Amino acid sequence: MDIQKQLEILMSGTEYGDDELKAAMARELGERLVEAEKEKRPLKVYTGYDPRTADLHLGHTVTMRKMRQFQDLGHEVTFLIGDYTALIGDPSDKDKLRPQLTLEQIEQNAITYAEQAFRVLDREKTIVRHNSEWLAKVTFAQLIEMASNFTLQQFILRENFKLRWERNDPIFLHETFYSIMQAYDAYMLKADVQVGGTEQLFSIITAGRKIMTFYGARPNIGILMPILPGTDGVIRMSKSLGNHIPLKATPEDMYGKVMSVPDIAMPAFFRLITRWTPDEIAAIEADLKVEKCHPRDAKMKLAKEIVASLFTDQDAERAEKAFIDLFQNGNIPDEMPEFKLIAGKQVVDILIDAGLCATRSEARRLVEQKGVRLDGNILADAQVPFPGKGVLQVGKRRFVKII
């Protein structure tokens, strides 16, 4: 593929909040592509993912899909597990201090990260690294050396730090290390390109390029992608906010959760987490505009595409059939997991033991909201003994057969 076509694909969907910056990154990427072709080498591309939780979600696939584009064009992609940056957590998308995790918690969370990422990335073409490989060896002298490239004002004027400053909320010194650590990742990986979300502009473009230049390396090129909204359609997708769609979800659950996304968020989902071309997206949006296509049908097409891209076409077909049977025909699924009832257990205990709720507070809240049914009958008290065998339903999509 010629360089100009590659550049169009790789810059598609990017967002910088500044036209001049976007033009500069596009120009540098084009120059780097030309040089790589002449030198007969691939570009080195990476994205880092901090295992602050055990699950990746659809929001993470935005950057993964961009990396997959680089892979498909023959470039070298590294999936970086930020087991050391996770000790702090990226402060750029938070207006308060993140809780600190232990190395043991981080290691446990990271166990399945790469496996989840291979839903999008090509397993055979992906390099997996951990940034503890080099960050654990950084000396105090090196940290001082790197930190000397920045002023406190640069950190305090960042949007979320500035908000906390104005509220007189504490900003802890170790939080400023995050961008320096991420910049050092880029240097150690000899990255040509780093892909990330728009909230990482400072870490990728300001800090990353500064540290690489300081150490005599050629600065990396930042490819910044917009943030995917969550199932509420407004706020960024996040597990901590409960508006996420996990990659570990079943095809049926993923399909159903996409169907719950408000219509207003569909354009973002079209552009950020499907394999559709700009022309295909434009055609769907044109049909929606003239009411040639009902929003529900467009969303079903979207849900099917997302499930097919992360599982298989057959999984997507089954998920769609299950959704139609359940919500349009009013049926319960033919197949569901089973759980053996233990006499004397309370409703709240069964909801947790059967894997339908993570905590007792979540279980009690669902019962109070009339979101728990047994054979269609609402269970109104979380503290009473579980009534007996039958089909236990939580919300609209989760079922367990109690035996």
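Asks: Would you mind showing me how to read the sheet that holds strand E3 (residues 126-130) here?
Replies: Two pairing modes exist for strands in a sheet, parallel and antiparallel, and in both the strands are linked by backbone hydrogen bonds. Strand order in the open sheet formed by 5 strands is E3-E2-E1-E4-E5, and the pairing between neighbours is parallel. Two strands lie at the open edges of the sheet, namely E3 and strand E5 (221-225), each paired on one side alone. Averaged over all adjacent pairs, the angle separating strand axes in this sheet is 25°, with direction ignored. Across 5 bridges, the pairing between strand E4 (residues 193-197) and E5 is parallel. Bridged to valine 193 within E5 is isoleucine 221.

Asks: Sorry if this is basic, but what is going on with the pairing of E4 here?
Replies: Note on strand geometry: in a regular strand, side chains alternate between the two faces of the sheet. Counted residue by residue, E4 has 5 buried out of 5 residues, so it is predominantly covered. Remark: the E4/helix H11 (residues 201-214)/E5 crossover connection has right-handed handedness.

Asks: Could you clarify how one ought to interpret the packing of aromatic side chains in this entry?
Replies: Applying the stated criterion across every chain, the model contains 9 aromatic pairs. Aromatic pair phenylalanine 270 and tryptophan 276: ring centres 5.7 Å apart, planes at 50°, arrangement tilted. You can call phenylalanine 270 buried: its relative accessible area is 1%. Accessibility expressed as a relative area gives 14% for tryptophan 276, which makes it buried. Ring-pair connections join several aromatic residues into one group, and the members of that group are Tyr184, Tyr187, Phe214 and Tyr215. One cation-aromatic arrangement involves lysine 301 over tryptophan 276; the distance from NZ or CZ to the ring centre is 5.8 Å.

Asks: Mind showing me how you'd approach the packing of helix H2 (residues 19-39) against H11 here?
Replies: The geometry of a pair of packed helices is captured by two quantities: the angle between their axes and the separation between those axes. Interaxial distance between H2 and H11 falls to 14 Å at its minimum, and their mutual angle equals 60°. Classed by the angle they form, the pair H2 and H11 counts as oblique. Crossing geometry of H2 relative to H11 is assigned as left-handed. Contacts between H2 and H11 involve Leu21, Met25 and Glu28 from the former and Leu201, Ile205 and Arg209 from the latter.

Asks: I tried to follow the nonpolar core on my own but got confused; where do I start?
Replies: For soluble globular proteins, nonpolar side chains are generally found buried alongside one another. Ranked by size, the top nonpolar core spans 69 residues in total, and within it Leu29, Leu58, Phe79, Val193, Ile223, Phe269 and Ile306 carry the most contacts. Sort the elements by how many residues they give to this core and helix H15 (residues 295-310) lands first, with 8 residues. With near-sequence residues (within four places) excluded, phenylalanine 79 lies in contact with Thr47, Tyr49, Leu56, Met64, Tyr113, Ala114, Ala117, Leu121, Thr126, Ile127, Val128 and Arg129. In terms of nonpolar packing, the next biggest core, distinct from the first, is built from 21 residues, Trp134, Leu135, Ala183 and Tyr184 among them.

Asks: I tried to follow a nonpolar patch on the surface on my own but got confused; where do I start?
Replies: Together, Val234, Ile235 and Leu241 make up an exposed nonpolar region whose accessible area comes to about 300 Å². Relative to the helices and strands, isoleucine 235 is located in the loop between E5 and helix H12 (251-259).

Asks: What am I meant to see in helix H1 (residues 3-11) here?
Replies: Residues that lie three or four places apart on an α-helix share one face, since the helix turns once every 3.6 residues. Among the residues making up H1, those that are buried are Ile3, Gln6, Leu7, Leu10 and Met11. Down the axis, H1 shows its buried residues gathered within 115° of arc, on one side only. Capping of H1 at its N-terminal end is provided by aspartate 2; its side-chain oxygen lies 3.1 Å from the backbone amide nitrogen of glutamine 4. Glycine 13 sits one or two residues past H1 and shows a positive phi near 80°.

About the thresholds
Residues numbered from 1 in each chain as written. Predicted model: local features only at pLDDT ≥ 70, side-chain atom pairs only at ≥ 80, totals over all residues. Heavy atoms only, no water. Pairing = 2+ DSSP bridges. Helix = DSSP H or I, 4+ residues; strand = E, 2+ residues; numbered from the N terminus. Axes fitted to C-alpha atoms, helices over the stretch in contact; angles between N-to-C directions. Buried < 20%, exposed > 50% of the residue type's maximum accessible area, 1.4 Å probe, protein only. Right-handed = clockwise from strand over helix to strand, strands pointing away. Phe/Tyr/Trp six-rings, centres within 6.5 Å; stacked < 30°, edge-to-face > 60°. Lys NZ or Arg CZ within 6 Å of the ring centre and 35° of its normal. Parallel < 35°, antiparallel > 145°, perpendicular 65-115°, else oblique. Left-handed = near helix turned anticlockwise from the far one by under 90°. Contact = heavy atoms within 4.5 Å. Core = buried A, V, L, I, M, F, W, Y, C linked by side-chain atoms within 4.5 Å. Patch = residues over 30% accessible without salt bridge, like charges linked within 9 Å, V, L, I, M, F, W, Y side chains within 5 Å. Areas by Shrake-Rupley, 256 points an atom, 1.4 Å probe, with all protein chains shown as cover. Salt bridge = Lys/Arg side-chain N within 4 Å of Asp/Glu carboxyl O. Arc of directions from axis to C-beta. Polar contact = N/O pair within 3.5 Å; in protein donor to acceptor, adjacent residues only side chain to side chain.

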